[in-house]
Amino acid sequence: MGAQTAVDASAVRWLTPLPLWTGILAGPIAWAFDLMASYGVVKWVCHTQRYGVLPLITTASLVIVMAAAAISWTALMRTANDVPTDGGRPRQRARFMAVLGLASCALFALQIIAGAIPHWVLDACQ
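Owing to the predicted nature of the structure, the values given are computational and were not obtained by experimental measurement. (Residues numbered from 1 in each chain as written. Predicted model: local features only at pLDDT ≥ 70, side-chain atom pairs only at ≥ 80, totals over all residues. Heavy atoms only, no water.)

Asker: I tried to follow the overall build of the chain on my own but got confused; where do I start?
Answerer: For the chain, the count of helices and strands is five helices and zero strands. In the chain, the succession of helices and strands from N to C terminus is α-α-α-α-α. Considering only residue pairs separated by 6 or more positions, the chain has 69% of its internal contacts joining residues 24 or more positions apart. Total accessible area on the chain is roughly 8100 Å²; 68% of this is exposed by carbon and sulfur atoms. (Helix = DSSP H or I, 4+ residues; strand = E, 2+ residues; numbered from the N terminus. Contact = heavy atoms within 4.5 Å. Areas by Shrake-Rupley, 256 points an atom, 1.4 Å probe, with all protein chains shown as cover.)

Now the structure itself:
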């Protein structure tokens with residue numbers, strides 16, 4: 001009650017939920033976009049023979065994931081480096097969410113790349 005936290009004005013922006021949740025959720029959303037868009041345009045790609053669309057979708061999804069990873073990295077650097085991630089203070093929660101965002105982005109980037117391997121190896125129209 002009335003406890004004060006050590007939060008300076010420059011770190012307040014990175015302690016808000018928007019950049020932290022962006023880092024966590026952008027990976028799954030980009031993966032879902034990649035999966036749905038890639039499967040949705042296969043008939044059109046085969047009909048028009050514009051085979052560059054499928055790698056373009058994958059590249060766009062990876063760019064989204066990399067942007068979210070950059071946001072998580074910035075949030076991680078803006079929080080205190082010596083603060084543990086298992087506490088209940090705002091800086092500790094923000095640091096945990098930034099680390100979770102980086103892990104989420106890394107895993108879903110691997111998933112997007114793994115989903116793109118069949119496009120590179122197999123012809124989509126066979």
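Asker: How should I be thinking about helix 4 (residues 53–78) in this particular structure?
Answerer: It helps to recall that an α-helix has 3.6 residues per turn; residues three or four apart then point in one direction. For helix 4, built from 26 residues, the straight-helix expectation of 38 Å at 1.5 Å per residue is met to within 8% by its first-to-last C-alpha distance of 38 Å. By the burial criterion, the buried members of helix 4 are Leu-54, Ile-57, Thr-58, Ser-61, Leu-62, Val-65, Ala-68, Ser-72, Ala-75 and Leu-76. (Expected span 1.5 Å × (residues − 1). Buried < 20%, exposed > 50% of the residue type's maximum accessible area, 1.4 Å probe, protein only.)

Asker: What's the story with the packing of aromatic side chains in this structure? I'm lost.
Answerer: Note on aromatic pairs: each is described by the distance of the centres and the angle between the planes. Evaluated as defined, the whole model comprises one aromatic pair. Centre to centre, the rings of Trp-31 and Phe-108 are 6.0 Å apart; their planes meet at 50°, and the pair counts as tilted. Of this pair, Trp-31 sits in helix 2 (residues 17–40) while Phe-108 sits in helix 5 (residues 90–121), placing them 77 residues apart in sequence. With a relative accessible area of 24%, Phe-108 lands in the partly exposed category. (Phe/Tyr/Trp six-rings, centres within 6.5 Å; stacked < 30°, edge-to-face > 60°.)

Asker: For this particular structure, what's the right way to read the state of the cysteines?
Answerer: Working definition of a disulfide: a covalent bond connecting the sulfur atoms of two cysteines. Scanning the entire structure with this criterion turns up one disulfide. Two residues, Cys-46 and Cys-125, share a disulfide whose sulfurs are 2.1 Å apart. Its S-S torsion of approximately -110° makes the covalent link between Cys-46 and Cys-125 left-handed. Separated by 79 residues along the polypeptide, Cys-46 in helix 3 (residues 42–48) and Cys-125 in the segment after helix 5 bring together distant segments of the chain. Residue classification places Cys-46 among the partly exposed residues on the basis of a relative accessible area of 24%. Overall, the relative accessible area of 31% leaves Cys-125 in the partly exposed class. (Disulfide = S-S within 2.5 Å.)

Asker: How should I be thinking about the side chain of Ser-104 in this particular structure?
Answerer: Structurally, the position occupied by Ser-104 is in helix 5. A residue is classified by how much of its surface remains accessible, and Ser-104, at 11% relative accessible area, is buried. What Ser-104 contacts, discounting residues up to four positions off in sequence, is Gly-23, Ile-24 and Pro-28.

Asker: I would appreciate a short explanation of a nonpolar patch on the surface in the present structure.
Answerer: Taken together, the side chains of Ile-113, Ile-117, Trp-120, Val-121 and Leu-122 present a nonpolar region at the surface, about 530 Å² in accessible area. Mapped onto the elements, Leu-122 comes out in the segment after helix 5. (Patch = residues over 30% accessible without salt bridge, like charges linked within 9 Å, V, L, I, M, F, W, Y side chains within 5 Å. Salt bridge = Lys/Arg side-chain N within 4 Å of Asp/Glu carboxyl O.)

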